[in-house]
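# Summary of structural features
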Amino acid sequence: MKLESMSFRYDGEKICVLDQTRLPQEKVWLDVTEPDLMVEAIRSLRVRGAPLIGLAAAVTLAHAAKDANEDQVRALAGRLREARPTAVNLMNALDRLMNFAPGEMTAEQLMNETRALFAEDQMLCERISANGADWVLKTLARDPAGEPSLNILTHCNTGGLATAGVGTAIGIIRELHKRTGRIHVYVDETRPLLQGGRLTAWEMNELSIPHTLICDNMAALLMRDGQVDCVMVGCDRIARNGDFANKVGTYSLAILARHHNVPFLVAGPNTTVDLKCASGREIPIEQRPTAEVHGVKGAFGDVRWAPSTAPVFNPAFDVTPAELVTAWVLDNGVFTSPSELIRAIEGE
Ligand code: MRU
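Predicted model only: the values in this text are computed from it and were never measured.

Attention now goes to the pattern of salt bridges. Within this structure, the stated rule accounts for 19 salt bridges. With a closest N to O distance of 2.9 Å, Arg288 and Glu292 form a salt bridge. Taken individually, Arg288 and Glu292 each receive the classification buried, so the pair is uniform in this respect. Counted as one network, the salt bridges with shared partners bring together Asp19, Arg22, Glu26, Glu40 and Arg46.

Have a look at this one:
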């Protein structure tokens with residue numbers, strides 16, 4: 001079985017990921033077939049993005065099952081599950097694989113389920129992109145021929161690097177660019193790990209989409225000056241009441257957007273909805289190491305700008321309350337209320 005995306009490859013023997021901590025300086029593919037290496041790759045964000053970590057964990061489990069008994073497979077699922085706590089796609093993908101009754105699980109079944117998950121994610125990205133682009137063109141009344149560029153502000157990275165397909169928020173941006181050719185994207189650099197500056201700016205360039213990189217604290221000024229028509233972000237977990245977790249900094253963008261009357265869209269697949277989670281208060285938020293805020297470490301070198309004695313607060317995600325969301329763009333529709341969204345999912 002072969003699976004391939006912008007940052008993930010499986011050829012039936014080896015699992016390789018494009019090391020996202022080294023982009024954009026260098027494109028290095030790492031062999032992470034050994035499950036411990038995959039757990040480390042997920043923890044350290046070499047492989048990242050809610051949908052992709054779920055898929056990467058599923059492939060790891062299905063591949064390991066070829067040489068492991070059911071108890072060992074279940075133990076590995078537990079370790080993969082704990083690698084990152086916030087993105088529910090990771091738990092959802094593993095739950096789908098672990099759904100077999102005891103004694104009925106085979107490596108072949110797990111592989112088939114994994115293949116289906118991978119193909120599904122690609123299809124979900126396509127649907128989100130089309131739904132979002134339709135909604136934006138209809139709601140923001142854009143005439144592709146006559147109007148000036150549509151300015152979209154995005155945060156973190158939600159594209160081909162973070163999914164098996166074209167992405168979620170970036171998928172919509174890509175689709176709008178394809179349909180209108182009149183898109184301009186403000187890319188939030190996304191402190192502290194710079195997924196916007198390092199990854200989204202890189203993807204925008206690969207896709208030839210006009211863009212401008214900004215520091216996170218510049219968004220208010222742009223909105224005040226009427227330079228942002230719409231904010232579009234991804235998500236790591238959507239609760240039943242429509243609150244959602246996404247990369248830290250998303251909540252402040254949502255407040256700014258409300259203050260300046262800018263539409264605020266959140267895009268994600270139905271695999272990011274947690275039906276067991278009543279509200280954002282129940283979403284577990286990952287706390288990251290202090291070193292990420294004291295400085296940078298990685299392919300760009302090792303620079304520390306804060307005293308090592310400075311205590312640090314470093315949550316990887318924040319929760320945006322539903323009341324600040326204009327619309328939730330999912331594969332199965334665009335919803336302007338959380339109850340519609342949940343009805344659509346439960347009705348499926
Ligand atoms: O910590 P990261 O880089 O994995 O965080 C990623 C995000 O917050 C994305 O917006 C989210 O996972 C959606 S990716 C389609």
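Read on for the rest.
Before going further, it helps to spend a moment on the site of the ligand. Of all residues adjacent to the ligand, which total 18 residues, the nearest are Arg48, Ala50, Arg84, Asn246 and Lys247. Taking Asp236, its side chain carries an N or O atom lying 3.0 Å from an oxygen atom of the ligand. In isolation the ligand exposes 420 Å². Once the protein is present, 99% of that is buried. When contributions to the shell around the ligand are tallied by element, the ones reaching two or more residues are helix 2 (50–64) and strand 10 (244–247). Taken together, domain 1 (3–119) and domain 2 (128–346) each give at least three residues to the shell around the ligand, which thus spans both.

What follows covers the domain arrangement of the chain. For the chain, the domain assignment lists domain 1 (3–119) and domain 2 (128–346). Between domain 1 and domain 2, the residue contacts involve 30 residues of the former and 32 residues of the latter. Summing the contributions of domain 1 and of domain 2, the shared interface buries around 2400 Å²; its carbon and sulfur component is 57%. If you sort the residues of domain 1 by the area they bury against domain 2, Met6, Arg48 and Thr86 come out on top, with a joint share of 25%. At the boundary of domain 1 and domain 2, one finds 1 salt bridge. Between Arg84 and Glu286 there is a salt bridge, and its shortest N-O distance comes to 2.9 Å. At the boundary of domain 1 and domain 2, one finds 16 residue pairs in polar contact (both at pLDDT 80 or more). Looking at the side of domain 1 that touches domain 2, the elements that each hand over two or more residues are helix 2 and helix 4 (88–97). Looking at the side of domain 1 that touches domain 2 residue by residue, the class counts come to 14 nonpolar, 10 polar and 6 charged.

Across all of its chains, the model carries 2 aromatic pairs by this definition. We note Arg9 situated over the ring of Trp29; from NZ or CZ to the ring centre the distance is 3.7 Å. Above the ring of Phe317, the side-chain terminus of Lys247 is found at 4.4 Å from the ring centroid.

This paragraph deals with the sheet that holds strand 9 (residues 237–238). If you walk across this open sheet you meet the 3 strands as 9-10-14, and the pairing is antiparallel. Each having just a single partner strand, strand 9 and strand 14 (317–320) make up the two edges of the open sheet. In this structure, strand 9 lies alongside strand 10, joined through 2 bridges in antiparallel fashion. Within strand 10, the residue paired with Ile238 across the bridge is Phe244. Of the strands in this sheet, strand 10 and strand 14 touch helix 9 (residues 250–259), which is tilted by about 35° from strand 14.

Definitions and cut-offs
- Residues numbered from 1 in each chain as written.
- Predicted model: local features only at pLDDT ≥ 70, side-chain atom pairs only at ≥ 80, totals over all residues.
- Heavy atoms only, no water.
- Salt bridge = Lys/Arg side-chain N within 4 Å of Asp/Glu carboxyl O.
- Buried < 20%, exposed > 50% of the residue type's maximum accessible area, 1.4 Å probe, protein only.
- Near = heavy atom within 4 Å.
- Polar contact = N/O pair within 3.5 Å; in protein donor to acceptor, adjacent residues only side chain to side chain.
- Areas by Shrake-Rupley, 256 points an atom, 1.4 Å probe, with all protein chains shown as cover.
- Helix = DSSP H or I, 4+ residues; strand = E, 2+ residues; numbered from the N terminus.
- Domains from an automatic or database assignment.
- Contact = heavy atoms within 4.5 Å.
- Buried area = accessible area lost by both parts, 1.4 Å probe.
- Nonpolar A, V, L, I, M, F, W, Y, C, P; charged D, E, K, R; others polar.
- Phe/Tyr/Trp six-rings, centres within 6.5 Å; stacked < 30°, edge-to-face > 60°.
- Lys NZ or Arg CZ within 6 Å of the ring centre and 35° of its normal.
- Pairing = 2+ DSSP bridges.
- Axes fitted to C-alpha atoms, helices over the stretch in contact; angles between N-to-C directions.

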